[in-house]
Amino acid sequence: MRTYILKRLLLMIPTLFGITLITFTISHLAPGETPIMAGDKTGRMQGRITSEQIEQWRRLNDLDKPIQVQYWRWLKRLVRLDFGTSFKDGRPVTEKIGERLPITMTLSFTAMFLVYLISVPLGVHSATHQYQLSDRISTFVIFVLYSLPSFWVAHMLLTYACGGEYLNLFPIAGISSPDASEMGPLQWFLDRVWHLVLPVFCYTYQGLAGLSRYTRAGMLEVLRQDYIRTARAKGLAERVVIMKHAFRNSIIPIVTLLGGLLPALLSASVIVEQIFSIPGIGRLGFEAVLNRDYPVIMGFATIGATLTLLGILMSDLLYAVVDPRISYEPDKS
């Protein structure tokens, strides 16, 4: 197992290299002039910037070099885990990502936990009650949720559940109240949960819909196998047949989806965090793209790619846990 994990970690290096190379090339070849756009956004240089200052700024940030030289210098800094400094405010990119990554990870892992907690039992129930009323209702609700884009749902929730002319159930933006620093631990926790209910819902509902359908399809396929009929013929309790014989053998597709769920949630964070004004890494990446802030864009892309590769590795390792037939030990025969 250790040898397999080591090989997979080494294979992540060329994969990560390819991802960063493509991202770096596309972001730098996009139309637009970074110093002028950054000056317009911050207002610091607008109206006072000269062509000499622009050239000096370009030399300082290596933007006057060929793109392959820029990438090589960025790559050398990456070895030291140095993503450079932001064009927007001059702060180290590592520091900015370190401030915002925990918020996005909290949202993403909470959503992943809820997705699996709800969708797996729901999929199993639908499979064991196929074509019954509960299966038809859950199928209808799931398809409705799956068809709703998250940005539309987020705007509807802000309109109808966050004050104004309608219900005032949840705060409209942010992750905590202005006086959160004066609250006790329990009150602070409840205030944070209150702020994150709607964003977590927007993260969760589409993943819930997809995973429950995969669970249902996997269970239905297993329930038609001969060994399930044999288990029932032996007089085993239905609960034992479902949970011990059927569910365990249908769990591999669920584990496979685990590898793709985390990058999907990170992608969704770009939209959800922007709409709910959450200071996470998704909003940071969105603002960096608007400002042509190349160091932040590359930092965001590198962190996202690394988490995606680690998620795929984790799902591959879980195969050996849920299915004894899969082994990553060297064949000694």
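Sequence positions are assigned chain by chain, starting from 1 and proceeding in written order. Totals for whole chains, interfaces and linings use every residue, but because this is a predicted model, local features are given only for residues with pLDDT of at least 70 and side-chain atom pairs only at 80 or more, for both listing and counting. To obtain the side-chain values, all non-hydrogen atoms of the structure were used and water was disregarded.

As for the packing of helix α5 (residues 93-128) against helix α8 (residues 185-223)
Relative orientation of the contacting elements α5 and α8 amounts to 35 degrees, with a least axis distance of 6 Å. For the pair α5 and α8, the sense of crossing is right-handed. Here the residues of the contact of α5 with α8 are counted per class, giving 19 nonpolar, nine polar and one charged. Comment: axis = line fitted to C-alpha atoms, over the contacting stretch for helices; angle = value between 0 and 180 degrees taken between N-to-C directions. Secondary structure follows DSSP: runs of H or I at least 4 residues long count as helices, runs of E at least 2 residues long count as strands, and numbering of each begins at the N terminus. In this scheme, a crossing is called left-handed if the near helix is turned counterclockwise away from the far one by less than a right angle; it is called right-handed if the turn is clockwise. Gly is placed with the polar residues, together with every amino acid not listed as nonpolar (Ala, Val, Leu, Ile, Met, Phe, Trp, Tyr, Cys and Pro) or charged (Asp, Glu, Lys and Arg).

Focus on the side chain of threonine 204
In this structure, threonine 204 sits in helix α8. With residues near it in sequence (within four places) discarded, threonine 204 still touches Ala111, Leu114 and Val115. Two residues form a contact once any of their heavy atoms are found within 4.5 Å.

Some remarks on the packing of aromatic side chains
Two rings from Phe, Tyr or Trp (for Trp, the six-membered ring) form a pair when their centres sit within 6.5 Å of each other. Planes less than 30 degrees apart are called stacked, planes more than 60 degrees apart edge-to-face, and all others tilted. Counted under the stated rule, the structure contains seven aromatic pairs. Seen from their ring centres, phenylalanine 87 and tyrosine 294 are 6.1 Å apart, and the 80 degrees between their planes marks the pair as edge-to-face. With phenylalanine 87 in the loop between α4 (67-79) and α5 and tyrosine 294 in helix α13 (residues 294-322), this residue pair connects regions lying 207 residues apart in the sequence. Each member of the pair phenylalanine 87 and tyrosine 294 is classed as buried. Judged by centre distance (5.6 Å) and plane angle (25 degrees), the ring pair of phenylalanine 201 and tyrosine 205 falls under stacked. With a gap of four residues between them, phenylalanine 201 and tyrosine 205 both fall in helix α8, about one helical turn apart. For phenylalanine 201, a relative accessible area of 39% corresponds to the partly exposed category. Overall, the relative accessible area of 3% leaves tyrosine 205 in the buried class. Buried means the residue's accessible area, taken with a 1.4 Å probe over protein chains only, is under 20% of the maximum for its type, while exposed means over 50%, and partly exposed covers the values in between.

Quick look at helix α3 (residues 51-60)
At 3.6 residues per turn, the α-helix brings residues three or four places apart onto the same side. Taken residue by residue, α3 has Ile54, Trp57 and Arg58 as its buried positions. Along the long axis of α3, the arc covered by the buried residues comes to 100 degrees, so they all point the same way. Exposed and facing more than 90 degrees away from the buried side of α3 are Glu52, Gln56 and Leu60. Backbone geometry just downstream of α3 places aspartate 62 in the positive-phi region, at approximately 65 degrees. To obtain the arc, one takes the directions from the helix axis to the C-beta atoms.

Observations concerning unusual backbone geometry
Here the phi dihedral of aspartate 62 falls at roughly 65 degrees; this positive angle occurs in a residue that is not glycine. Relative accessible area serves as the criterion here: at 13%, aspartate 62 is assigned to the buried category. Although it is not a glycine, serine 277 adopts a positive phi angle of roughly 55 degrees. Following the sequence through the fold, serine 277 ends up in the loop between α11 (252-275) and α12 (281-290).

Everything listed is a geometric property; what it means functionally is a separate question.
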